[in-house]
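If you want the building blocks of each chain, they are given just below.
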Amino acid sequence: MDGRTRSNIRPGLTVDIVLKQDQRTGKRTRGIVKDLLTSSPTHPHGIKVRLADGQVGRVQEIITGTTTN
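Every chain's residues receive numbers from 1 upward, in the order its sequence appears when written. Per-residue local features are limited, in this predicted model, to residues with pLDDT of at least 70; the limit for side-chain atom pairs, both in listing and counting, is 80 or more; totals at the level of whole chains, interfaces and linings are taken over all residues. Only hydrogens and water are set aside when side-chain values are computed; all heavy atoms of the structure are taken into account.

Draft legend 1. Spotlight on the confidence of the model for the protein chain. Overall, the prediction assigns the protein chain a mean pLDDT of 92, with 93% of residues at 70 or greater. Across the protein chain, the element-wise mean pLDDT spans from 84 in strand β4 (residues 56-67) up to 98 in strand β3 (residues 48-51). pLDDT measures how confident the predictor is about each residue, on a scale from 0 to 100. Helix and strand definitions follow DSSP, with helices as H or I runs of at least four residues and strands as E runs of at least two, each counted in order from the N terminus.

Draft legend 2. Summary view of the nonpolar core. We define the nonpolar core as a collection of buried residues of types Ala, Val, Leu, Ile, Met, Phe, Trp, Tyr and Cys that are connected through side-chain atoms lying within 4.5 Å of one another. Accessible area is worked out with a 1.4 Å probe on protein chains only. A residue is then buried under 20% of its type maximum, exposed over 50%, and partly exposed in between. Grouped together as the largest cluster of nonpolar side chains are 11 residues: I9, L13, V15, I17, L19, V33, I47, V49, L51, V59 and I62. Mapped by element, the contributors of at least two residues to this core are β1 (13-19), β3 and β4. With 4 residues, β1 is the largest single contributor of residues to this core.

Draft legend 3. Main features of the pattern of salt bridges. What counts as a salt bridge is simple: a side-chain nitrogen of Lys or Arg found within 4 Å of a carboxyl oxygen of Asp or Glu. One pass over the full model with this rule turns up 4 salt bridges. In this structure, D16 and R30 form a salt bridge, with 2.8 Å as the shortest nitrogen-oxygen distance. With a gap of 14 residues between them, D16 in strand β1 and R30 in strand β2 (residues 28-36) connect regions that are remote in the sequence. Ionic pairing is found between E61 and R28, a salt bridge with its closest N-O pair at 3.1 Å. In this pair, E61 sits in strand β4 while R28 sits in strand β2, placing the two residues 33 residues apart along the sequence.

Here it is as structure tokens:
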């Protein structure tokens, strides 16, 4: 699922993000969403989130079927 729409993303979802330092290579990091940092409803480069481990990046893909509460 696409990570450019804020309504698709909520805490507890597993997502693939691109960290700031990995933007040039496009390397993805997988983690669980803790906080949504982008306030606008959409963003062309992906909604910015903080993962449970503290890393911050823009959502590239939502991994379906993996939610934790």
